[in-house]
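Breakdown of the fold
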Amino acid sequence: MKKGKIVVFSAPSGSGKSTLITALRKRIQNLHFSVSATSRAPRGEEVDGVDYFFLSPDEFRKKIAAGEFLEYEEVYPDKYYGTLKEQVEKQLDKGQNVVLDIDVKGALSVKKIYGKQALLLFIQPPSIEVLRERLIKRGTDTPEVIESRIDKAAYELSFAKQFDKTVINDVLEIAKEETFIIVKAFLTIE
Ligand code: 5GP
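Residues numbered from 1 in each chain as written. Predicted model: local features only at pLDDT ≥ 70, side-chain atom pairs only at ≥ 80, totals over all residues. Heavy atoms only, no water.

Time to look at the sheet that holds strand β8 (residues 118-124). Strand order in the open sheet formed by five strands is β2-β7-β1-β8-β9, and the pairing between neighbours is parallel. The open sheet has two free edges, formed respectively by β2 (31-33) and β9 (165-168), since each of these has just one partner strand. Each neighbouring strand pair of the sheet contributes to a mean axis angle of 25°, computed without reference to strand direction. Note that strand β1 (residues 6-10) and β8 share five bridges and pair parallel. For Val 8, the partnering residue across the bridge sits in β8 and is Leu 120. (Pairing = 2+ DSSP bridges. Helix = DSSP H or I, 4+ residues; strand = E, 2+ residues; numbered from the N terminus. Axes fitted to C-alpha atoms, helices over the stretch in contact; angles between N-to-C directions.)

In structure tokens, the structure reads:
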């Protein structure tokens, strides 16, 4: 059976990445989420094995030592996130296309391993100012957290040119359409 392909999404927090991934998966049938592992605690309604595999720092370290990760990063201080080899390979072997929602460095590691079998998509806010307004409107973060997210966003934006494609999420409906066209074309070509 033909192996599946990998679509990687990375974006600064507040870029609308999750909304775009959800919309895309409604339009493209054979596109499956890979569940990452993390050492952070579950938030709100998150379910173990669905949103993430929630591991203790010790369990996470053991998996690093055992070489079970395709890639892993310390995305926030002391908070590790990693893509499990077994998860992704099982899906690809079944001919399933896999979507990863991971940070910029993790995305570049995946590209190194999978080359043309992986598409790196960077979702960009129209500007840092717009991003700041969105984070303020969302109302979930304190001003300090918002500023730290903005600093991180500026750093992440510097990686955009290393991605295969960038979608600027200014008008949501347009960004959805652009994402669909790019991913559909990638999955269709040999
Ligand atoms: P959150 O804690 O909000 O769920 O995720 C924080 C960040 O970690 C997001 O930018 C997300 O893309 C990234 N992330 C989630 N899973 C992985 C992973 O397996 N590997 C890497 N490198 N980053 C991840």
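And the narrative resumes.
Close contact between helix α5 (residues 128-138) and helix α6 (residues 143-157) brings their axes to 10 Å; oriented N to C, the two are set at 145°. Considering the relative orientation of α5 and α6, their crossing is right-handed. Across from Ile 128, Leu 131, Arg 132, Leu 135, Ile 136 and Arg 138 in α5, the residues of α6 making contact are Ile 146, Glu 147, Arg 149, Ile 150, Ala 153, Ala 154 and Leu 157. Of the residues that constitute the contact of α5 with α6, the class distribution is nine nonpolar, no polar and four charged. (Left-handed = near helix turned anticlockwise from the far one by under 90°. Contact = heavy atoms within 4.5 Å. Nonpolar A, V, L, I, M, F, W, Y, C, P; charged D, E, K, R; others polar.)

With respect to topology, four strands assemble into an open sheet ordered β4-β3-β6-β5, the strand pairing being mixed. Both outer strands of the open sheet, β4 (53-54) and β5 (69-76), are each paired with one neighbouring strand and no more. Where β5 lies against strand β6 (residues 79-84), six bridges are found, and the strand directions are antiparallel. Opposite Glu 73, over in β6, you have Tyr 81 as the bridge partner.

Moving on: unusual backbone geometry. One non-glycine residue, Asp 78, lies in positive phi territory at about 70°. Among the secondary structure elements, Asp 78 is positioned in the loop between β5 and β6.

Strand residues, when the strand is regular, have side chains that alternate between the two faces of the sheet. As judged from the two bridges shared by strand β3 (residues 37-38) and β6, these two strands associate in the antiparallel manner. If you follow Ala 37 over to β6, its bridge partner there is Gly 82. Hairpin geometry of β5 and β6 is characterised by an intervening segment of two residues between the two adjacent antiparallel strands and by a positive phi of about 70° at Asp 78.

Turning our attention to the site of the ligand. Taken together, 16 residues lie around the ligand, and Ser 36, Tyr 52, Glu 71, Tyr 81 and Asp 103 are the ones closest in. Contacts to the ligand include Lys 17, whose side-chain N or O atom sits 3.2 Å from an oxygen atom. One of the side-chain N or O atoms of Glu 71 is found 2.7 Å from a nitrogen atom in the ligand. Contact with the protein chains covers 88% of the free accessible surface of the ligand, which is 520 Å². Judged by its atoms lying within 2 Å of the grid points, the ligand is housed in the largest pocket. At the level of secondary structure, the elements contributing two or more residues to the shell around the ligand comprise β5 and β6. When residues in the shell around the ligand are grouped by element, the largest group, four residues, is from β5. Across the shell around the ligand, the residue classes break down as five nonpolar, four polar and seven charged. (Near = heavy atom within 4 Å. Polar contact = N/O pair within 3.5 Å; in protein donor to acceptor, adjacent residues only side chain to side chain. Areas by Shrake-Rupley, 256 points an atom, 1.4 Å probe, with all protein chains shown as cover. 1 Å grid on protein atoms, 1.4 Å probe; cavity = no way out; pocket = protein on both sides within 12 Å on 5 of 7 lines; lining within 4 Å. Sits in = over half its atoms within 2 Å of the grid points.)

We now examine the pattern of salt bridges. A full pass over the atoms with the stated rule returns 15 salt bridges. A salt bridge links Lys 17 to Asp 101; the shortest N-O distance between them is 2.7 Å. Note that Lys 17 is positioned in helix α1 (residues 17-27) and Asp 101 in strand β7 (residues 97-101), a separation of 84 residues in sequence. In this structure Asp 101 comes out as partly exposed when scored by relative accessible area, which is 28%. Residues joined by salt bridges that share partners form a network here, namely Lys 3, Glu 89 and Asp 93. (Salt bridge = Lys/Arg side-chain N within 4 Å of Asp/Glu carboxyl O. Buried < 20%, exposed > 50% of the residue type's maximum accessible area, 1.4 Å probe, protein only.)

The next subject is the packing of aromatic side chains. Applying the stated criterion across every chain yields a total of nine aromatic pairs. With 5.3 Å between their ring centres and 75° between their planes, Phe 122 and Phe 163 make a pair best called edge-to-face. With Phe 122 in strand β8 and Phe 163 in the loop between α6 and β9, this pair connects stretches of sequence that are 41 residues apart. For the pair Phe 122 and Phe 163, one class covers both residues: buried. When the centroid spacing of 5.2 Å and the interplanar angle of 75° are considered together, the rings of Tyr 155 and Phe 159 count as edge-to-face. According to the relative accessible area criterion, Phe 159 is buried, its value standing at 12%. Here the guanidinium or amino end of Lys 5 rests over the ring plane of Phe 186, the centre of that ring lying 4.7 Å away. If you follow Arg 27 out to its NZ or CZ, it ends over the ring of Phe 180, 3.7 Å from the centre. (Phe/Tyr/Trp six-rings, centres within 6.5 Å; stacked < 30°, edge-to-face > 60°. Lys NZ or Arg CZ within 6 Å of the ring centre and 35° of its normal.)

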